[in-house]
Amino acid sequence: MRDKGHWTRDKLQEQQQWQYLDVTLRKSDLNHDDIVYLLGLQGAEKTRLFEYSSGVKEKNVGNKVYFRGLIEFSNVCLKNCLYCGIRRGNVLVNRYNLHMDEILAAARFAFENNYGSLVLQSGELETGNFVRQVEKILREIHRISGGKLRITLSCGEQEKDTYRRWHDSGAHRYLLRIESSNPELYRKLHPQDGLHSYQRRLDCLYSLQNTGYQVGTGVMIGLPFQTLHDLAGDLLFMKQFDIDMVGMGPYLEHEHTPLYAFRDQLLPVEERLQLTLKMIAVLRMLLKDINIAATTALQAIDKLGREKAIQVGANVIMPNITPGRYRDDYLLYQNKPCTDENPEDCMSCLNARIALTNNEIAYGEWGDSEHFRKKGTRDKGRGTSQP
Ligand code: 5AD
Ligand code: SF4
Ligand code: FES
């Protein structure tokens, strides 16, 4: 039986813990140790973090959710990332390239449904043909939408000149995940074949910034060998890089990839989900006015995963508008959601889901990153936040 002294000491300790949390949450400049501490929170303390980040979100970017219609226009990839289901080495994948008319039909769907923005994503190729194909897609989408759709590209590492050509052809945003900001972990996740270099990835991010793109990056969360220190480093990397947009989600295993061999070392999926939510919450506190995506991988773990992300700090969703029959062939990880659905299904599903979060879908708005807008000078003459 514990005496009264014990009871008082326990209470005091608990009070101090809450005080420590509240002081940390209110800090204007979180350091590495603060972030590791926040990422480790559990139970009621974690809930307090989420309430706090939710307030930071509402105060800085409001309760609007921006839609980006996602077109996965090709799954052909020259790279062999050890975690990815469509890596070059996976011979079981049916490779496809969407026809121009299929891409334009998807773009038209986004335009007619007032999405405001598109994301064009593919595997990575650096051939002249591919560069020209993307250029042509950009110009055609510009033509059919009268320049009213904002376009984000997610086509991997390219030469600076290619980034410039695509920017000139109408792409204003680019997503290139750093995957992990720890060079040693990066090396463990990629083959040493001369095609996968941390330094090149970094150089590409700098090229994109210098070319004038709104630049997005991101990481996978819950990877084998990854620690809370790595993840804290990732968040500080995004801050230091002064990034405009982030898409980060849980790592999900795929049986036809080399990293699958380490599946026994992974956190349970629910913990990966919670860790991702904590990453989003802390990122919202670090970079208050950037765009943060609630990624599809969250939805693969939990039907309400994206809604939870919206509640703690995310403000972007990327409804898949790839024609239904190709969706099964773009499996970066297994159990990817929405592969049996078509663009209309995803739209009505999301309309209902976002309404439940007390957020509002910002139809008809570009939803450029406020952070980028405030930086001001880079994208002169290309408009503000309305089509
Ligand atoms: N689990 C989660 N995300 C993955 N990606 C690739 N493979 C996986 C996986 N197995 C992510 C990478 C890449 C993005 C397009 O998809 O972060 O940058
Ligand atoms: Fe290719 Fe991207 Fe997959 Fe790497 S993550 S194998 S670059 S599609
Ligand atoms: Fe595709 Fe819900 S978003 S079915």
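Heads up: these notes are all about the structure in this document.

Criteria and cut-off values
- Along each chain, residues carry numbers from 1 onward, in the same order as the chain's sequence is written.
- Each chain is given a letter, starting from A, and each ligand a number, starting from 1, according to the order in which they appear as written.
- Selection of residues for local features in this predicted model requires a pLDDT of at least 70, selection of side-chain atom pairs for listing and counting requires 80 or more, and totals for whole chains, interfaces and linings are taken over all residues.
- Calculation of side-chain values draws on the structure's entire complement of heavy atoms; hydrogens and water are dropped beforehand.
- Only runs of H or I of at least four residues qualify as helices and only runs of E of at least two qualify as strands under DSSP, and these elements are numbered from the N terminus.
- Atoms considered for the radius of gyration are the C-alpha atoms alone. The globule rule reads 2.2 Å times the number of residues to the power 0.38.
- For the exposure calls, accessible area comes from a 1.4 Å probe over protein chains only, and a residue counts as buried if that area is under 20% of its type's maximum, exposed if over 50%, partly exposed in between.
- Residue contacts are counted whenever heavy atoms from the two residues lie within 4.5 Å of one another.
- Exposure was quantified through the Shrake-Rupley algorithm and a 1.4 Å probe, taking into account, for residues, occlusion by the shown protein chains and nothing else.
- Residues scored as positive are Lys and Arg, those scored as negative are Asp and Glu, and His as well as the terminal groups of each chain are ignored.
- Where a charge lies is defined by one atom per residue type, namely NZ (Lys), CZ (Arg), CG (Asp) and CD (Glu).
- A single heavy atom is enough: if one lies within 4 Å of a molecule or strand, its residue is considered near that molecule or strand.
- Whenever a nitrogen or oxygen atom comes within 3.5 Å of another N or O atom, the pair is scored as a polar contact, on the condition that within protein one atom can donate a hydrogen and the other can accept it, and that pairs from neighbouring residues in sequence are kept only if both atoms are in side chains.
- Each residue receives one of three labels: charged for Asp, Glu, Lys and Arg, nonpolar for Ala, Val, Leu, Ile, Met, Phe, Trp, Tyr, Cys and Pro, and polar for the others, Gly being one of them.
- When the centres of two rings from Phe, Tyr and Trp lie within 6.5 Å, Trp using its six-membered ring, the rings pair. Their planes under 30 degrees apart give stacked, over 60 give edge-to-face, and anything left gives tilted.
- Being paired, for any two strands, means DSSP has found at least two bridges between them.
- Residues belong to a common nonpolar core when they are buried Ala, Val, Leu, Ile, Met, Phe, Trp, Tyr or Cys residues joined through side-chain atoms within 4.5 Å.
- Salt bridge criterion: a side-chain nitrogen from Lys or Arg within 4 Å of a carboxyl oxygen from Asp or Glu.

### Observations regarding the overall build of the chain
Scanning the chain for helices and strands turns up 14 helices and 11 strands. Relative to the compact-globule value of 21 Å for 387 residues, the chain shows a C-alpha radius of gyration of 21 Å, a close match. In terms of overall dimensions, the chain has C-alpha extents of about 75 × 45 × 40 Å along its principal axes. Across the 387 residues in the chain, those meeting the buried criterion constitute 57%. Long-range contacts, defined here as pairs at least 24 residues apart, represent 75% of the contacts in the chain between residues at least 6 apart. Only carbon and sulfur atoms are counted for the fraction: they give 49% of the accessible area of the chain, which is about 17,000 Å². Across the chain, 51 positive and 49 negative side-chain charges occur, with their mean positions spaced 3 Å apart.

### Here's the deal with the site of ligand 1
Taken together, Tyr83, Cys84, Gln121, Arg177, Glu179, Met220, Pro250, Tyr251, Leu252, Leu332 and Tyr333 make up the full set of residues adjacent to ligand 1. Contact distances for ligand 1 include 3.0 Å between a nitrogen atom and a backbone N or O atom of Tyr83. In the complex, the protein chains occlude 87% of the 410 Å² of accessible area that ligand 1 would expose alone. Considered class by class, the residues forming the shell around ligand 1 number 8 nonpolar, 1 polar and 2 charged.

### Looking at the packing of aromatic side chains
Applying the stated criterion across every chain yields a total of 14 aromatic pairs. Summarising the aromatic geometry, the rings of Phe73 and Phe130 are spaced 6.2 Å apart at their centres and angled 10° between planes, so their arrangement reads as stacked. With a gap of 57 residues between them, Phe73 in strand 1 (residues 64-74) and Phe130 in helix 5 (residues 128-145) connect regions that are remote in the sequence. Judged by relative accessible area, Phe73 falls into the buried class, the value being 1%. Measuring from ring centre to ring centre gives 4.8 Å for Tyr96 and Tyr326, while their planes differ by 40°; the resulting arrangement is tilted. Of this pair, Tyr96 sits in the loop between strand 1 and helix 4 (100-112) while Tyr326 sits in the loop between strand 10 (316-317) and helix 13 (343-356), placing them 230 residues apart in sequence. For the pair formed by Tyr96 and Tyr326, the shared burial category is buried. In this structure an aromatic cluster arises from ring pairing among Phe67, Phe109, Tyr115 and Tyr363.

### Re the pairing of strand 9 (residues 291-294)
A two-sided burial pattern is seen for strand 9, the buried positions comprising Asn291 and Ala293 on one face and Ile292 and Ala294 on the other. Across 3 bridges, strand 7 (residues 245-247) lies against strand 9 in parallel orientation. Residue Gly247 lies in a different strand from strand 9, and its bridge partner there is Ala293. Note: strand 9 against strand 10, 2 bridges, orientation parallel. Along strand 10, the bridge assignment pairs Ala293 with Val316.

### Some points on the nonpolar core
For soluble globular proteins, the rule of thumb is that nonpolar side chains tend to be buried together. With 106 residues, the main nonpolar core has Phe73, Leu120, Ile141, Trp166, Met238 and Met248 as its most contacted residues. When residues of this core are assigned to their parent elements, the largest contribution, 10 residues, is made by helix 10 (residues 269-286). Not counting residues within four places of it along the chain, the set of residues in contact with Met238 comprises Thr217, Gly218, Val219, Ile243, Val246, Met248, Leu283 and Leu287. Counting 7 residues, the second largest nonpolar core, distinct from the first, contains Leu70, Val119, Val316 and Ala362.

### Side note on the environment of Ala261
You can see Ala261 is positioned in the loop between strand 8 (249-250) and helix 10. According to the relative accessible area criterion, Ala261 is exposed, its value standing at 56%. Separated by 206 residues in sequence, Ala261 and Gly55 place their C-alpha atoms 41 Å apart.

### Quick word on the pairing of strand 5 (residues 214-217)
With burial as the criterion, each face of strand 5 is covered, one bearing Gln214 and Gly216 and the other bearing Val215 and Thr217. One ladder, built from 3 bridges, connects strand 4 (residues 173-175) with strand 5; its direction is parallel. Paired with Tyr174 across the two strands is Val215, which belongs to strand 5. Bridging between strand 5 and strand 7 involves 2 bridges; their strand directions are parallel. Paired with Gly216 across the strands is Met245, a residue of strand 7.

### Describing the pattern of salt bridges
A side chain with one charge can pair with a side chain of the opposite charge if their charged atoms come near. This model, assessed by the stated rule, comprises 26 salt bridges. With its nearest N and O atoms 2.6 Å apart, the salt bridge here joins Arg201 to Glu157. Of this pair, Arg201 sits in helix 8 (residues 198-211) while Glu157 sits in the loop between strand 3 (150-154) and helix 6 (160-168), and the two are 44 residues apart along the sequence. Of the two residues examined, Arg201 and Glu157, each falls in the buried class. Salt bridges sharing common partners tie together Lys79, Glu124, Glu126, Glu157, Glu159, Glu179, Arg200 and Arg201.

### A look at unusual backbone geometry
The backbone of Asp242 sits at a positive phi, close to 60°, despite the residue not being glycine. With respect to the helices and strands, Asp242 occurs in the loop between helix 9 (228-240) and strand 7. The class of Asp242 is partly exposed, set by a relative accessible area of 27%. Unusually for a residue other than glycine, Asn358 sits at a positive phi of about 65°. Mapped onto the secondary structure, Asn358 falls in the loop between helix 13 and strand 11 (360-361). For Asn358, a relative accessible area of 63% corresponds to the exposed category.

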